[in-house]
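Breakdown of the fold
The primary structure of each chain is shown beneath.
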Amino acid sequence: MDPRQGVRHLLPARPRHRDRDRPARAAHHLLGERRTPPGRLDRGHGVRGRRDLRLHHPGDDAPPRRRGAHRHPGGGGSDPPGRPGRSRDRTDREPAQPGGGGVMTVRVRFAPSPTGYLHVGGGRTALYNWLFARHHGGVFVLRSDDTDTERNTPEFQADILDSLNWLGMDWDEGIEIGGPHGSYRQSHRFDRYRAVAEAMVAAGAAYYDGATPEQLEALRVAAEAAGESPVYDGRHRLSAAEAAARVAAGDPPPVRLAVPRPGETRFVDVVRGEITFNHDNVDDFVMLRSDGSPTYHLASTVDDVDYGITHVIRGEDILPSTPKHILITDAMGGPRPAYAHLSLLNGPDGKKLSKRHGDTALRAYRDAGILPMAMLNFLAILGWSPGDDEEIVPLATMIERFDLGAVSRNPAVFDVAKLEWMNGHYLRAMAPEVFAEATLPLVEHDLGRPLTPGEHAAIAAVAPLVQERAKRLTDVTPQVRFLLEGDLEYEAASWDKVMATAEARVALEGAAAALAPLASWTVAAIEEALRGMLAAYGLTAGKGLQPIRVAVTGSAVSPPLFESLAALGRARTLDRIAAATVRIGG
RNA sequence: GCCCUCAUCGUCCAGCGGCCCAGGACGCCGGCCUUUCAAGCCGGAAACACGGGUUCGAAUCCCGUUGGGGGCACCA
């Protein structure tokens with residue numbers, strides 16, 4: 001981060017004025033020039049439809065309104081005539097450039113903290129941001145919210161990048177690739193956050209606090225007993241002199257935001273509509289810790305302002321923190337971004353998705369043979385619908401139709417069964433060569449050794465048949481195991497069920513006799529020989545072929561038999577039939 | 001405890017006051033096809049949480065109840 005930017009934004013403070021709702025407003029004029037006149041950016045409202053998409057709120061100058069009109073259709077906010085009655089009239093058909101103002105580029109960000117593997121919920125949040133940016137021709141920023149130096153690891157950082165790349169999402173600015181705003185790592189911007197916090201103190205929007213943990217705890221207990229919200233109201237705030245004394249004594253106090261009370265923060269959430277928070281329930285939270293490091297609220301908000309983020313699309317878990325972010329944004333004099341809070345993902349029991357429900361990390365699905373496009377598609381329609389009844393949605397269609405206003409408000413259950421169905425669909429849609437190419441290395445990996453040329457050829461031969469039968473890439477190895485060199489293992493249940501029949505011995509001996517003299521070892525020849533054998537002995541295909549299948553593949557479930565035998569080769573086929581015959585007898 | 005939020009089949013989504021005794025998808029059940037298993041095709045069971053309003057008319061609007069989810073740190 002360019003340190004000078006901080007200086008430019010942090011001109012001397014002016015006396016705070018008395019607007020109780022927005023005490024920090026004075027800082028508008030201190031912390032940098034106001035970008036666009038209010039109202040200008042608000043032109044994006046020529047939209048109607050399901051939900052409002054506010055490209056920008058005018059901030060303090062005009063109350064949110066559109067959503068209300070929508071929610072109360074009778075309330076006078078009727079749609080303009082001449083609009084097609086299409087129910088799916090998307091709200092953000094309107095381009096990112098509001099009519100009257102200058103060009104406004106949509107800028108969104110995904111800002112994970114590298115404290116764990118990127119999980120599916122994070123992936124979905126990233127995807128919705130990405131789709132929104134691509135839909136509007138905007139900018140997708142990848143930021144690293146790595147202020148928690150204790151818990152961050154390079155491994156997790158790398159995993160986030162890997163997972164995003166795996167899904168095929170690219171970013172226009174951010175970590176790894178840089179951009180006009182510096183390193184995009186919060187850990188590199190502590191000076192900037194501190195400067196903002198100090199400027200806010202100077203402007204009266206924040207203060208140094210002297211409350212001890214014990215005092216805080218006592219307040220919390222008292223509030224709970226009184227049936228009130230456990231919010232700290234700044235009663236132990238320090239005077240400038242006291243704060244200076246603490247600093248001098250080597251015991252610097254933390255900086256808290258001065259939440260104006262009474263007061264309220266109201267905003268229009270793009271997916272949820274109008275939301276109001278009474279400041280009696282908003283804490284004077286710590287922005288800057290006593291060690292000078294920023295908390296999430298400060299760092300994230302400062303970055304959103306500094307990076308010119310226009311739409312903050314994130315998980316619903318941060319919805320209750322939004323008034324804090326708005327208060328800081330206002331104090332900085334930045335235009336408020338539009339907020340969109342996505343509902344969270346749950347496990348099958350309706351509880352927050354966790355390891356307890358199975359895999360949560362994207363990486364785990366990748367390792368378990370899920371195709372990136374399947375995961376992407378699945379995540380996309382988990383909480384959003386492209387508008388028709390299609391479930392398989394090409395990427396281009398997603399981008400074309402993606403609409404934040406049409407995103408579901410319901411928490412969604414992450415349904416692995418549906419993911420697998422979708423994965424099977426994408427697996428089958430692959431070109432056979434591509435499938436084989438993707439699959440063979442995986443088989444080698446499972447085996448822990450390279451395939452011999454013979455095995456390679458045999459597996460490649462049946463790959464298209466396996467392709468139709470796989471739900472995941474990892475389903476392949478078990479299905480082609482019988483083609484590997486070495487002894488065959490019989491699956492016990494299959495053997496017991498099939499080989500106990502009276503037809504088993506007949507079929508095996510008949511097959512050996514029919515196959516041994518074959519002139520050419522082809523699928524067609526094998527089929528002809530075996531069907532002839534069935535007819536000769538009066539066996540149905542079901543009865544007569546299953547023993548051969550078990551003898552040769554070890555299981556009652558396998559790729560189609562004739563092709564399997566062809567791939568296996570005559571010698572090994574006959575060996576296995578002979579071995580099985582002996583085994584029955586013995 | 002306090003605050004926010006959500007509420008249509010088991011699950012995801014459609015539904016934006018009459019087109020809905022509610023539509024699609026996954027899953028489930030049955031059938032067809034068939035050399036097993038898949039795939040595919042056909043068919044079936046399966047939901048507007050509850051109670052009040054508003055309205056000629058409500059799954060759709062309002063209020064309440066109940067239930068679910070989230071948040072309430074010098075974590076993010």
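Rules of the game
Residues numbered from 1 in each chain as written. Chains lettered and ligands numbered in written order. Predicted model: local features only at pLDDT ≥ 70, side-chain atom pairs only at ≥ 80, totals over all residues. Heavy atoms only, no water. Helix = DSSP H or I, 4+ residues; strand = E, 2+ residues; numbered from the N terminus. Contact = heavy atoms within 4.5 Å. Areas by Shrake-Rupley, 256 points an atom, 1.4 Å probe, with all protein chains shown as cover. Salt bridge = Lys/Arg side-chain N within 4 Å of Asp/Glu carboxyl O. Buried < 20%, exposed > 50% of the residue type's maximum accessible area, 1.4 Å probe, protein only. pLDDT = per-residue confidence, 0-100. Expected span 1.5 Å × (residues − 1). Bend = angle between axes of the 7 residues up to and from the residue. Right-handed = clockwise from strand over helix to strand, strands pointing away. Pairing = 2+ DSSP bridges. Axes fitted to C-alpha atoms, helices over the stretch in contact; angles between N-to-C directions. Core = buried A, V, L, I, M, F, W, Y, C linked by side-chain atoms within 4.5 Å. Near = heavy atom within 4 Å. Polar contact = N/O pair within 3.5 Å; in protein donor to acceptor, adjacent residues only side chain to side chain. Nonpolar A, V, L, I, M, F, W, Y, C, P; charged D, E, K, R; others polar. Phe/Tyr/Trp six-rings, centres within 6.5 Å; stacked < 30°, edge-to-face > 60°. Lys NZ or Arg CZ within 6 Å of the ring centre and 35° of its normal. Left-handed = near helix turned anticlockwise from the far one by under 90°.

Within chain A, the secondary structure is distributed over 22 helices and twelve strands. Here the contacts in chain A between residues at least 6 apart in sequence split such that 75% fall between residues at least 24 apart. In the form shown here, chain A has an accessible surface area of approximately 25,600 Å², with 53% of it arising from carbon and sulfur atoms.

All told, the structure shown has 32 salt bridges when counted by the stated rule. E217 is the partner of R220 in a salt bridge, and the nearest nitrogen-oxygen pair spans 3.0 Å. Residue R220 and its partner E217 are located together in helix α6 (residues 213-225), separated by three residues, close to a single helical turn. The exposure class of R220 is partly exposed, given its relative accessible area of 36%. Where E509 meets R505, a salt bridge forms, and the shortest distance between an N and an O atom there is 3.4 Å.

Confidence in the prediction for chain A averages 84 pLDDT; 82% of positions are at 70 or higher. Of the regions scoring below 50 in pLDDT, residues 1-101 engages in 201 contacts with residues more than four places distant in sequence or in other chains. Interface scoring of the predicted complex returns ipTM 0.97; its pTM is 0.85.

Between its first and last C-alpha atoms helix α15 (residues 453-469) spans 24 Å; for 17 residues at 1.5 Å apiece the expected length is 24 Å, and the two agree. At A463, α15 shows its maximal kink, close to 50 degrees; a proline, P464, follows between one and four residues later. Buried residues of α15: E455, A458, I459, V462, A463, L465, V466 and Q467, and no others. Buried residues along α15 sit in contact with α13 (416-429), α14 (432-447), α16 (476-480) and α21 (561-568).

A word on the pairing of strand β1 (residues 107-110). Burial along β1 is two-sided: R107 and R109 and V108 and F110, pointing in opposite directions, are all buried. Between β1 and its parallel partner strand β2 (residues 139-142), the chain crosses via helix α3 (residues 120-136), and the hand of that crossover is right-handed.

Ordered by their spatial adjacency, three strands build an open sheet running β4-β5-β8, and the pairing between neighbours is antiparallel. The open sheet terminates on both sides in strands that have one partner only, identified here as β4 (206-208) and β8 (286-288). In this sheet, neighbouring strand axes are inclined to one another by 40 degrees on average, regardless of whether the strands run parallel or antiparallel. Bridging between strand β5 (residues 255-257) and β8 involves two bridges; their strand directions are antiparallel. The residue bridging V255 from the neighbouring strand is L288, located in β8. Its contacts with the sheet put helix α5 (residues 190-203) on β4, β5 and β8, and the angle it makes with β4 is roughly 95 degrees.

With that settled, the discussion passes to the nonpolar core. Core analysis: the largest hydrophobic core is formed by 139 residues, its most contacted members being M287, M375, F414, L515 and I548. The element best represented in this core is α3, accounting for eight residues. Setting aside residues no more than four positions away along its own chain, M287 makes contact with A197, M200, A206, V255, R256, L257, S293, P294, T295, L298 and I328.

This brings us to the protein's contact with RNA strand B. Of all residues adjacent to RNA strand B, which total 69 residues, the nearest are D148, S229, R289, R549 and S558. The protein-proximal atoms of RNA strand B, defined as those within 4 Å of the protein, are 73% sugar or phosphate. Between R151 and RNA strand B, the recorded distance is 3.1 Å, taken from a side-chain N or O atom to a sugar or linking oxygen. A distance of 2.6 Å separates a base nitrogen of RNA strand B from a polar atom in the backbone of S558. Of the residues in the surface near RNA strand B, the class split is 25 nonpolar, 19 polar and 25 charged.

Glancing now at the environment of L568. Looking at the element boundaries, L568 is found in helix α21. Separated by 83 residues in sequence, L568 and E485 have C-alpha atoms that sit 9.7 Å apart.

Another aspect to go through is the environment of M200. Locating M200 in the fold gives a position in helix α5. Note: C-alpha distance between M200 and P154 (46 residues apart in sequence) is 33 Å.

With that settled, the discussion passes to the packing of aromatic side chains. This structure, assessed with the given rule, holds ten aromatic pairs. Considering the side-chain rings of F378 and F414, the 5.2 Å spacing of their centres and the 85 degrees angle between planes classify their relative orientation as edge-to-face. With F378 in helix α11 (residues 372-380) and F414 in the loop between β12 (412-413) and α13, the pair connects residues that are 36 residues apart, well separated along the chain. As far as burial versus exposure is concerned, F378 and F414 are alike and both buried. Taken together through their ring pairs, the aromatic side chains of Y128, W384 and F402 make up a single cluster. Lying over the aromatic face of W495, R583 brings its terminal NZ or CZ to 4.4 Å of the ring centre.

We now examine the pairing of strand β6 (residues 264-269). The sheet contact formed by β6 and strand β7 (residues 273-278) spans six bridges and is antiparallel. Along β7, the bridge assignment pairs T265 with F277. The loop that links β6 with its antiparallel partner β7 comprises three residues.

Mapped onto the elements, T477 comes out in helix α16. Accessibility expressed as a relative area gives 3% for T477, which makes it buried. Measuring from C-alpha to C-alpha, the distance between T477 and P154 comes to 33 Å, with 323 residues separating the pair along the chain.

The next point concerns the packing of helix α20 (residues 541-553) against α21. For the pair α20 and α21, interaxial distance at closest approach is 11 Å and the crossing angle is 35 degrees. Crossing of α20 against α21: the hand is left-handed. Where α20 abuts α21, its residues L545, I548, R549 and V552 lie against L561, F562, L565 and L568. When grouped by side-chain class, the residues that make up the contact of α20 with α21 number seven nonpolar, no polar and one charged.

Helical geometry: 3.6 residues make up each α-helical turn, so side chains three or four residues apart lie on a common side. Taking 1.5 Å per residue, 14 residues should reach 20 Å; helix α4 (residues 154-167) reaches 20 Å between its end C-alpha atoms and fits that length. Buried within α4 we find F156, Q157, D159, I160, L161, S163, L164, W166 and L167. On its buried face, α4 is in contact with β1, α3, β2, α10 (362-367) and α11.

Mapping H325 onto the fold places it in helix α9 (residues 322-332). Engagement of the side chain of H325 in a polar contact is seen with the side chain of R314, the distance being 2.7 Å. Apart from residues no more than four positions distant in its own chain, H325 is found in contact with Y296, H297, T301, R314, I318 and Y339.

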